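This is what each chain is made of:
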Amino acid sequence: MTPDSPLATRIQPSPNHGERLGKRPDMLILHYTGMDGAAAALQRLADPIAEVSAHYVVLEDGTILQMVQEGRRAWHAGRASWQGERDVNSRSLGIEIVHPGHVGGLPPYPEAQVAAVTALARDIVVRWAIPADRVLAHSDIAPDRKEDPGENFPWRRLAAEGVGHHVPEVPLRDGRFFAEGDAGQPIEALQAMLALYGYDQPVTGTFDPHMRAVVTAFQRHFRQARVDGIADASTITTLRDLIASRPT
């Protein structure tokens, strides 16, 4: 096995992969490991019993390791969905970022690590022609299960360097908001907007726990000023701006 990216300086193979099921990768998914240090994370990602892996792992100091060849289907996304696609593993490449995550207090990502993730992601999206709006968080594709890479991940910086789709966050302000338990036509409209952007959000007209998870995931990625699962004016307007500016 030789690195697919010139930025990968080490190979640490994982047995946890398979054939892509007739799909060409057109998504890039970013994760954090959510574990205490690189050694434990790498051990788990190479453990056949764990049945998880990723194409790349980025260490705290910016070192990039490749674990699965890009042409193979790594097992990083799990049960997930985006724009109706449910076999996300066959359609995506996955980067694991060594980071303790929410359980570890969600500390800032080190500068060297952010720079390495940005460079690797840019290399991947260029080589595979991955659309900007398909560079996603694990929490975007699995909002009921996942929180990573978290609300302090610098998506804005990645977008400024050519990776991902982003718009300026609309400032927080007072005004009408929607929350769990609400129902009616405005909820239907918001659900339709979330689904249009790609989230697995049925249009039911009821703001249920699943919708709260979807709104929270959206905020973690696109409206990080306050992550509470409440669809306030800032959240809704930022979503509207994203849809309006989506690459064609």
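Report on the accompanying structure.

Parameters at a glance
Along every chain, residues carry numbers that run from 1 in the direction the sequence is written. This being a predicted model, a pLDDT of at least 70 is required before a residue's local features are given, and a value of 80 or more before pairs of side-chain atoms are given or counted; all residues contribute to the totals for chains, interfaces and linings. Computation of side-chain values covers all heavy atoms of the structure but excludes hydrogens and water. Each helix is a run of DSSP H or I of at least 4 residues and each strand a run of E of at least 2, with the numbering of both proceeding from the N terminus. Exposure categories follow from relative accessible area, calculated using a 1.4 Å probe and restricted to protein chains: below 20% of the type maximum is buried, above 50% is exposed, and the middle band is partly exposed. We call two residues in contact whenever any of their non-hydrogen atoms come within 4.5 Å of each other. Counting rule applied: Lys, Arg positive; Asp, Glu negative; His and chain ends not counted. Every charge is mapped onto a representative atom, which is NZ of Lys, CZ of Arg, CG of Asp or CD of Glu. Paired rings are identified among Phe, Tyr and Trp, the last through its six-membered ring, by centres lying within 6.5 Å, and are further divided according to the angle between planes into stacked (under 30 degrees), edge-to-face (over 60) and tilted (the rest). Pairing between strands requires that DSSP locate at least two bridges from one strand to the other. The term salt bridge refers to a pairing of a side-chain nitrogen on Lys or Arg with a carboxyl oxygen on Asp or Glu at a separation within 4 Å. Note on geometry: axes are lines fitted to C-alpha atoms, helical ones only across the stretch in contact, with angles between N-to-C directions running from 0 to 180 degrees. An angle below 35 degrees is read as roughly parallel, one above 145 as roughly antiparallel, one from 65 to 115 as roughly perpendicular, and any other as oblique. Crossings are assigned a handedness: left-handed for a near helix turned anticlockwise from the far helix by less than a right angle, right-handed for a clockwise turn. When residues are grouped by polarity, Ala, Val, Leu, Ile, Met, Phe, Trp, Tyr, Cys and Pro land in nonpolar, Asp, Glu, Lys and Arg in charged, and all others, Gly among them, in polar.

The next thing to look at is the overall build of the chain. Each helix and strand in the chain was counted, giving eight helices and eight strands. Expressed as a percentage of its 248 residues, the buried residues of the chain come to 53%. Taking the contacts inside the chain whose residues are at least 6 apart along the sequence as the reference set, 70% of them involve residues at least 24 apart. For the chain, the separation between the mean place of its 25 positive charges and that of its 31 negative charges on side chains is 3 Å.

For Tyr56, the position within the fold is in strand β4 (residues 56-58). In this structure Tyr56 comes out as buried when scored by relative accessible area, which is 0%. For the pair formed by Tyr56 and Ile130, sequence separation is 74 residues and the distance between their alpha carbons is 17 Å.

Moving on to the packing of aromatic side chains. Within this structure, the stated rule accounts for seven aromatic pairs. Note on Trp82 and Tyr197: the rings are 6.0 Å apart at their centroids and 85° apart in plane angle, and the pair reads as edge-to-face. Of this pair, Trp82 sits in the loop between β6 (73-74) and α2 (88-91) while Tyr197 is found in helix α6 (residues 185-197), placing the two residues 115 residues apart along the sequence. Aromatic pair Tyr197 and Phe222: ring centres 5.7 Å apart, planes at 85°, arrangement edge-to-face. Of this pair, Tyr197 sits in helix α6 while Phe222 is found in helix α7 (residues 209-222), placing the two residues 25 residues apart along the sequence.

Turning our eyes to something else, we now look at unusual backbone geometry. Looking along the chain, the bond that leaves Asp148 and enters Pro149 is cis, with omega of 5°. As for its placement among the helices and strands, Pro149 is situated in the loop between α4 (138-141) and α5 (155-160). A positive phi angle, close to 50°, is found at Gln83, a residue other than glycine. With respect to the helices and strands, the residue Gln83 is situated in the loop between β6 and α2. You will see that Ala129, though not glycine, has its phi angle at about 50°, which is positive. Structurally, Ala129 can be placed in the loop between α3 (111-128) and β8 (135-137).

Here we come to the sheet that holds β8. With mixed pairing, the six strands of this open sheet are ordered in space as β1-β5-β4-β7-β3-β8. The sheet is open, and its two borders are formed by β1 (10-11) and β8, each paired with just one other strand.

Quick look at the side chain of Asp140 now. Along the chain, Asp140 turns up in helix α4. Arg220 provides the closest opposite charge to the buried, unpaired Asp140, separated from it by 9.2 Å. When residues no more than four places from it in sequence are discounted, the contact partners of Asp140 are Ser81, Trp82, Tyr199, Ala217, His221 and Phe222.

One way to put it is that α6 packs onto helix α8 (residues 233-244) with a least axis distance of 10 Å and a crossing angle of 40°. Our classification of the angle between α6 and α8 gives oblique. The chirality of how α6 crosses α8 is left-handed. Contact with α6, carried on its side by Leu190, Met193, Leu194, Leu196 and Tyr197, involves Ile236, Leu239, Arg240, Leu242 and Ile243 of α8 and no other residues of that element. Here the residues of the contact of α6 with α8 are counted per class, giving nine nonpolar, no polar and one charged.

Across the six residues that make up strand β7 (residues 92-97), a large majority, six, are buried. Burial along β7 is two-sided: Ser92, Gly94 and Glu96 facing one way and Leu93, Ile95 and Ile97 facing the other are all buried. Where strand β3 (residues 27-32) meets β7, six bridges bridge the pair, whose relative direction is parallel. Residue pairing across strands places Leu28 opposite Leu93, the latter belonging to β7. Here β4 pairs with β7 via three bridges, running parallel. Pairing of Val58 across the sheet is with Ile97, part of β7.

For the rest of this paragraph, the subject is the pairing of β3. Burial analysis of β3 places six of its six residues in the buried class, which makes it a mostly covered element. Sheet analysis places β3 next to β8, joined by three bridges and oriented parallel. Opposite Leu30, over in β8, you have Ala137 as the bridge partner.

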